[in-house]
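# Residue-level structure breakdown
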Amino acid sequence: MKSWIDLLPAGVQRFARLARLDRPAGTWLLFWPCIAGLALAGGLASAPWLILWFGLGSIAMRGAGCVWNDIVDRDLDAQVERTKDRPVASGRISVKAALAFAVALSLVGLVVLLQLRPIAQGVALASLIPVAAYPFMKRITWWPQAWLGLTFNWGALVGWAAVAEPSAIMWLLWAGGIAWTLGYDTIYALQDIEDDALAGIKSSARALGSRARGGVALFYVLALVLWSVALVQVAGQALALAAVVPLALHLGWQVWRLADTSPANALLLFRANRTAGALWAAACAAVGIA
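Residues numbered from 1 in each chain as written. Predicted model: local features only at pLDDT ≥ 70, side-chain atom pairs only at ≥ 80, totals over all residues. Heavy atoms only, no water.

What follows covers the overall build of the chain. Along its length, the chain carries 17 helices and zero strands. Overall, the C-alpha framework of the chain stretches about 55 × 45 × 35 Å when taken along its three principal axes. Of the contacts made within the chain by residues no fewer than 6 positions apart, 74% connect residues no fewer than 24 positions apart. Carbon and sulfur atoms form 69% of the exposed surface of the chain, whose accessible area is close to 13,000 Å². Each charge class in the chain can be summarised by its mean position, and for the 22 positive and 15 negative side chains these summaries are 3 Å apart. (Helix = DSSP H or I, 4+ residues; strand = E, 2+ residues; numbered from the N terminus. Contact = heavy atoms within 4.5 Å. Areas by Shrake-Rupley, 256 points an atom, 1.4 Å probe, with all protein chains shown as cover. Lys, Arg positive; Asp, Glu negative; His and termini not counted. Charge placed at Lys NZ, Arg CZ, Asp CG, Glu CD.)

This part covers the state of the cysteines. One pass over the full model with this rule turns up zero disulfides. No disulfide involves C34; its sulfur sits 12 Å from the nearest other cysteine sulfur, which is in C284. Relative accessible area serves as the criterion here: at 8%, C34 is assigned to the buried category. (Disulfide = S-S within 2.5 Å. Buried < 20%, exposed > 50% of the residue type's maximum accessible area, 1.4 Å probe, protein only.)

This part is about the nonpolar core. Residues L40, F54, L173 and W180 are the most contacted members of the largest nonpolar core, which totals 69 residues. Not counting the four nearest positions on each side in its chain, F54 is found in contact with F31, C34, I35, L38, L116, V158, G159 and A162. If you look at the next biggest cluster of nonpolar residues, it comprises eleven residues, including V67, V88, I93 and A102. (Core = buried A, V, L, I, M, F, W, Y, C linked by side-chain atoms within 4.5 Å.)

With that settled, the discussion passes to unusual backbone geometry. Although it is not a glycine, R20 sits at a positive phi angle of roughly 60°. Within the fold, R20 resides in the loop between α1 (10–18) and α2 (25–40).

At their nearest, the axes of helix α11 (residues 168–189) and helix α16 (residues 263–271) sit 8 Å apart, and the two run at 155° to each other. In terms of their interaxial angle, α11 and α16 are classed as roughly antiparallel. As α11 packs across α16, the resulting crossing turns out to be left-handed. When α11 is examined against α16, the residues Y184, I187 and Y188 are found in contact with a partner set consisting of A266, L267, L269 and F270. Here the contact of α11 with α16 is built from residues that sort into seven nonpolar, no polar and no charged. (Axes fitted to C-alpha atoms, helices over the stretch in contact; angles between N-to-C directions. Parallel < 35°, antiparallel > 145°, perpendicular 65-115°, else oblique. Left-handed = near helix turned anticlockwise from the far one by under 90°. Nonpolar A, V, L, I, M, F, W, Y, C, P; charged D, E, K, R; others polar.)

Encoded structure:
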């Protein structure tokens, strides 16, 4: 089925696909932690316009991150069936042109950065080093998904700092996000487990092997515990745990469905985390507004 990307001129299409504009799941996974942090800190009432800025920033910085990742991984991508046709790996876009595009996307991110108060700007800028290092992690550690969690959930810190002073609560949100990402990106890595083994690419899916389903369940439980503690700390009462129930049921459904580890099911469950992120943000909003 054709998407709106297919309606663009061929030259523009290549860059749109390079930024993964045709695959928005990653943008949502970058966006929802920002909203969770903003919401739990009470920012939906005091600074609702930040939702739009975080949305624009998520599109731009996810795109820039994908471009950088494709530049660094172009040789590895060419060895994996699912990624061999990516614009840089296939040679349809040169490394020089891809770098220029990454700079352009980063300038959009700079515009968003300037909308934040200074402390939030500092928190956001601190993410640049771990983001730049991420593509190299699959060469260094069996757990690059944990490093992805560090970067993809940085928005929880930025969202909180945009409207409130730093506290232990924002770190709980971030830590829970890391555990969540470990779960959903392990699911994602199941798609490439055979090609990754041939190419020598490390991943949590390969590290866990037949225990992947149990590992994902453990990561999701850890995420729920950390987020629950954060919500109770803000609300001051255990009743706040009710806000986590829909999310817990959804993540439980994912684990149940993971009995099937086929690539098609892995992709379906990975994409389902757009809903999981929305439920996390909704739980934070319910407590933050209350």
